[in-house]
Amino acid sequence: MSRKPFTVMFGGQAGYGIMSAGMIIAKAAGRNGLWAFVVNEYPSLIKGGLNTCTVSFDSRPVKAHEERLDFLGALSQEALDQNYEKLVEEAAVLYDSEAVKPNMARVPAGVKLYPVNLLGSLTGEAAKVMANSAMLGAFCALAGFPLAIIAGIMRTEFKKENILRQNLALLQQAFDLTRQQYAEHKPFPLVFQPDGEKKMLLNGNDAIAIAALRAGVKFAAGYPMTPGSSVLTYLADHATEYGLVFKQAEDEIAAVNMLIGAGFAGVRSIGATSGGGFALMTEALGFAAQGEVPLVIVEAQRGGPSTGLPTRTAQADLNFVVYASQGEFPRIVVAPGDIEECFAETFRLFNLVEKYQVPGIILTDKYLADSSVIHTYFAEQGLTIERGKLVDEAWLGEHQPYLRYSITPDGVSPRAIPGQKGGRHIVTSYTHGEDGFYSSGNREYAQTEPEVTAAGLDKLFSKVPAMLQDIPGIKLHGPREAELTVIGWGSSKGAILEAISTLNQAGRLVNFLQILYPSPFPAEAVQSALQLSKKTLLVEGNKTAQMAAMIRAYTGFTVDTCYLKYDSRPFNPSLLLEKIKEVLA
């Protein structure tokens, strides 16, 4: 790439504070005028295993992580052995001289090795708890990262004075030792210059939870399942502050039914899970659709099938989520591509599911859910909570008998909630008429069951045309006409944007068609965007090109080439750039 971030990876055994070290340098950068993108990788083990934290820095917002490492800090042999190939020419490798022995045959040309006795006299739990402070001190000495701003972040992170003193002392000690051992060091390639702009370091799950609170959510329920769990823990941590009730249910079936109950009662609610948990929710998803009860679920994808890879990423649940549950019914599925969309589209979805009285699903993945980004504060101007056709008692008094499922031109019926005078009604999982009574068990419908059944299904799907007009189904990034259109969805957005930006700067016309809402599928908008495409490349994190099949099914359009990645790791700009160049050649 013509321009790339400066990328640092810290690696070591679980328990050594590897991720904390990465988050500290990212926060330090963010508070001093720089931008960062943080990716944590860890195995699904109760204890042990290699943990890594990769931080990409730049003087502009960073849209995706890079795997080409300018600096590697290794506290374990595995941390070095698994990353030789990622080191760029003239990269620096800092490693603990007691725990790590480099294989010189695998060290790329130009890479400089810096063994340091990082743990020194630290033993037992002290070595684990404070190893990250030693690594940070040595990193600052070798990379030219200002030690003072690391110390400043530590002062805000450590609440106990004695713990703070010990870590600051170790930070300085490792810095001095490394400087004495290696007098030469490069200045950090980016300029630290506080700009006064308020920024935060957060991941996709944080952004979704913040949006849910802003949208007026008062109830959350779920059963922990990586990588969706931190949506729920964030809400639980802020429950008292925002007047929210959080319930950890005994399983996902109980959780989703609690959420439906809250929606029936007029309370905005949210649940979060991954593919396995969502599998248990699918029958209740149909109940929400049949009962026309608003529902919002976060489905954070991970590698599969079955238990799969709990702490790795994938984009393989698209078909599952779009078509989940028995029967046919419309649902809204949004696949945000970055932190900003996690916030904005979550807020929008809460309005949409109440307006159209349908289930809504936020489809993310481990990469987006768990990666942290330096981001400006979210703009909240113009964010208005819209409750759809919720009616009051005055309206109910004028519309008796109240028919919860009355047939309307737009398919959306006036909605009452329990306790309102004149609003008594039945919500059932069975097919029903306008009054909510079961179409097969009611004598009134005995002769007209086929008509009542068809009318009910027609009513559900008559909402779709207005939904398609209301929902920003796609985004087209880059020039309207291009020699290549890259098609993608979800978390691949950042890597695609970085790659095509490099190509556009080099004079190649490449654009990006982002499918933001896979359901209801924006067929007309996709067709329009692809009409001027000379060549297409689909980028997708699964084996079977699920989005390519959806595009073909809804529009008849067949993409020219697919770049599919299903090795449990996310796309990155450099590798994607090479693939696009191959297609353009």
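Residues numbered from 1 in each chain as written. Predicted model: local features only at pLDDT ≥ 70, side-chain atom pairs only at ≥ 80, totals over all residues. Heavy atoms only, no water.

**A closer look at the overall build of the protein**
Turning to step 1, where the next piece is worked out: Scanning the protein for helices and strands turns up 20 helices and 19 strands.
Turning to step 2, where the next piece is worked out: On the principal axes, the C-alpha backbone points of the protein span a range of 90 × 60 × 45 Å.
Turning to step 3, where the next piece is worked out: The buried share of the protein, taken over its 585 residues, is 56%.
Turning to step 4, where the next piece is worked out: As displayed, the protein has an accessible area near 24000 Å², and 53% of this comes from carbon and sulfur atoms.
Turning to step 5, where the next piece is worked out: Side chains of the protein carry 52 positive and 59 negative charges; the gap between the two charge centres is 4 Å. (Helix = DSSP H or I, 4+ residues; strand = E, 2+ residues; numbered from the N terminus. Buried < 20%, exposed > 50% of the residue type's maximum accessible area, 1.4 Å probe, protein only. Areas by Shrake-Rupley, 256 points an atom, 1.4 Å probe, with all protein chains shown as cover. Lys, Arg positive; Asp, Glu negative; His and termini not counted. Charge placed at Lys NZ, Arg CZ, Asp CG, Glu CD.)

**So, the pairing of strand E8 (residues 219-222)**
Turning to step 1, where the next piece is worked out: Residues Phe219 and Ala221 line one face of E8 and the alternating positions Ala220 and Gly222 line the opposite face, and both faces are buried.
Turning to step 2, where the next piece is worked out: Here four bridges tie E8 to strand E9 (residues 245-248), and the two strands are oriented parallel to one another. From the neighbouring strand, Ala220 faces E9, where its bridge partner is Phe246.
Turning to step 3, where the next piece is worked out: Relative to strand E10 (residues 269-273), E8 is paired through two bridges, and the arrangement is parallel. Residue pairing in the sheet places Phe219 in a bridge with Ser269 of E10. (Pairing = 2+ DSSP bridges.)

**Thoughts on the sheet that holds strand E18 (residues 536-540)**
Turning to step 1, where the next piece is worked out: One open sheet accounts for five strands, arranged E15-E17-E16-E18-E19; its pairing is mixed. With partners counted over all chains shown, the strands left at the sheet margins are strand E15 (474-477) and strand E19 (561-564), one partner each. Going across the sheet, the axis of each strand differs from the next one's by a mean of 20°, ignoring polarity. (Axes fitted to C-alpha atoms, helices over the stretch in contact; angles between N-to-C directions.)

**Some words on the environment of Phe287**
Turning to step 1, where the next piece is worked out: Mapped onto the elements, Phe287 comes out in helix H10 (residues 275-291).
Turning to step 2, where the next piece is worked out: Excluding its chain neighbours within four sequence positions, the residues that come into contact with Phe287 are Asn257, Ile260, Val427, Thr428 and Ser429. (Contact = heavy atoms within 4.5 Å.)

**Comments concerning the packing of aromatic side chains**
Turning to step 1, where the next piece is worked out: For the structure shown, the criterion picks out 17 aromatic pairs.
Turning to step 2, where the next piece is worked out: Ring centres of Phe6 and Phe188 lie 5.1 Å apart, and the angle between their planes is 70°; on these two criteria the pair is classed as edge-to-face. With Phe6 in strand E1 (residues 6-13) and Phe188 in the loop between helix H5 (161-181) and strand E7 (199-203), this pair connects stretches of sequence that are 182 residues apart. The burial state of Phe6 is the same as that of Phe188; both residues are buried.
Turning to step 3, where the next piece is worked out: Centre to centre, the rings of Trp395 and Tyr402 are 6.4 Å apart; their planes meet at 85°, and the pair counts as edge-to-face.
Turning to step 4, where the next piece is worked out: According to the relative accessible area criterion, Tyr402 is buried, its value standing at 8%.
Turning to step 5, where the next piece is worked out: An aromatic cluster is defined as three or more aromatic residues linked by ring pairs; in this entry it consists of Phe6, Phe10, Phe57, Phe71, Phe139, Phe145, Phe188 and Phe192.
Turning to step 6, where the next piece is worked out: Above the face of the Trp35 ring, Lys199 is positioned so that its terminal group lies 4.8 Å from the ring centre. (Phe/Tyr/Trp six-rings, centres within 6.5 Å; stacked < 30°, edge-to-face > 60°. Lys NZ or Arg CZ within 6 Å of the ring centre and 35° of its normal.)

**As for the side chain of Thr7**
Turning to step 1, where the next piece is worked out: The residue Thr7 is located in strand E1 in this model.
Turning to step 2, where the next piece is worked out: Of the residues examined, Thr7 reaches a relative accessible area of 0% and is grouped as buried.
Turning to step 3, where the next piece is worked out: A polar contact is formed between the side chain of Thr7 and the side chain of Ser56, at a distance of 3.1 Å.
Turning to step 4, where the next piece is worked out: Look past the residues within four positions of Thr7 in its chain and what remains in contact with it is Thr54, Val55, Ser56, Glu66, Arg68, Leu69, Asp70 and Phe71. (Polar contact = N/O pair within 3.5 Å; in protein donor to acceptor, adjacent residues only side chain to side chain.)

**Quick look at the sheet that holds E9**
Turning to step 1, where the next piece is worked out: Reading across the sheet, the six strands line up as E9-E8-E10-E11-E13-E12 and stay open at both edges, with parallel pairing between neighbours. The sheet is open, and its two borders are formed by E9 and strand E12 (332-334), each paired with just one other strand. Strand-to-strand, the axes of this sheet are offset by a mean angle of 20°, without reference to chain direction.
Turning to step 2, where the next piece is worked out: Contacting E10, strand E11 (295-301), E12 and strand E13 (359-365), helix H12 (residues 339-356) crosses the sheet at an angle of about 160° to E13.

**Digging into helix H15 (residues 449-461)**
An α-helical turn contains 3.6 residues, so a residue and the one three or four places further along point in the same direction.
Turning to step 1, where the next piece is worked out: With 13 residues, H15 should cover 18 Å at 1.5 Å per step; its first-to-last C-alpha distance of 19 Å lies within 8% of that length.
Turning to step 2, where the next piece is worked out: By the burial criterion, the buried members of H15 are Val452, Lys459 and Leu460. What you see down the axis of H15 is that its buried residues fit within an arc of 100°, all on one side. Projecting away from the buried face of H15 at angles above 90 degrees are the exposed residues Pro450, Glu451 and Asp458.
Turning to step 3, where the next piece is worked out: Of the surrounding elements, those touching the buried residues of H15 are H10. (Expected span 1.5 Å × (residues − 1). Arc of directions from axis to C-beta.)

**A few points about the pattern of salt bridges**
Turning to step 1, where the next piece is worked out: Enumeration over the complete set of coordinates arrives at 23 salt bridges.
Turning to step 2, where the next piece is worked out: Between Arg60 and Glu498 there is a salt bridge, and its shortest N-O distance comes to 3.0 Å. Of the two residues, Arg60 sits in the loop between strand E3 (50-58) and strand E4 (69-74) while Glu498 sits in helix H17 (residues 493-505), which places them 438 residues apart along the sequence.
Turning to step 3, where the next piece is worked out: Among the residues examined, Arg60 registers a relative accessible area of 23% and is labelled partly exposed.
Turning to step 4, where the next piece is worked out: Note on Glu498: relative accessible area 5%, which makes it buried.
Turning to step 5, where the next piece is worked out: Several salt bridges converge on common partners, so that one network encompasses Glu41, Arg312, Lys366 and Asp370. (Salt bridge = Lys/Arg side-chain N within 4 Å of Asp/Glu carboxyl O.)

**Notes on unusual backbone geometry**
Turning to step 1, where the next piece is worked out: Between Gly304 and the following residue, Pro305, the backbone shows a cis peptide bond with an omega angle of 5°.
Turning to step 2, where the next piece is worked out: Relative to the elements of secondary structure, Pro305 occurs in the loop between E11 and helix H11 (318-323).
Turning to step 3, where the next piece is worked out: The peptide bond linking Ser519 to Pro520 adopts the cis configuration, its omega dihedral lying at -5°.
Turning to step 4, where the next piece is worked out: Position of Pro520 among the secondary structure elements: in the loop between strand E17 (510-515) and helix H18 (523-530).
Turning to step 5, where the next piece is worked out: A positive phi angle is found at Glu292, which is not glycine, with a value near 55°.
Turning to step 6, where the next piece is worked out: Looking at the element boundaries, Glu292 is found in the loop between H10 and E11.
Turning to step 7, where the next piece is worked out: Given the relative accessible area of 2%, Glu292 is considered buried.
Turning to step 8, where the next piece is worked out: The backbone of Ser306 sits at a positive phi, close to 55°, despite the residue not being glycine.
Turning to step 9, where the next piece is worked out: With respect to the helices, strands and loops of the structure, Ser306 is situated in the loop between E11 and H11.

**Description of helix H7 (residues 229-237)**
Turning to step 1, where the next piece is worked out: Among the residues making up H7, those that are buried are Ser229, Val231, Leu232 and Leu235. Down the axis of H7, the sector holding all buried residues measures 160°, keeping them to one side.
Turning to step 2, where the next piece is worked out: In this structure, the buried side of H7 is in contact with helix H6 (204-214), E8, helix H8 (239-242), E9, E10 and E11.

**Structural notes on the packing of H6 against H12**
For any two helices packed against each other, one specifies the inter-axial angle together with the distance between the axes.
Turning to step 1, where the next piece is worked out: Relative to each other, H6 and H12 sit at 30°, their axes nearing to 8 Å. You can see that H6 and H12 cross each other, and the crossing is right-handed. For the pair formed by H6 and H12, the contact residues are Gly204, Ala207, Ile208, Ile210, Ala211, Ala212 and Arg214 on the first element and Ile339, Cys342, Phe343, Thr346, Phe347 and Phe350 on the second.
Turning to step 2, where the next piece is worked out: Per-class residue counts for the contact of H6 with H12 are 10 nonpolar, two polar and one charged. (Left-handed = near helix turned anticlockwise from the far one by under 90°. Nonpolar A, V, L, I, M, F, W, Y, C, P; charged D, E, K, R; others polar.)

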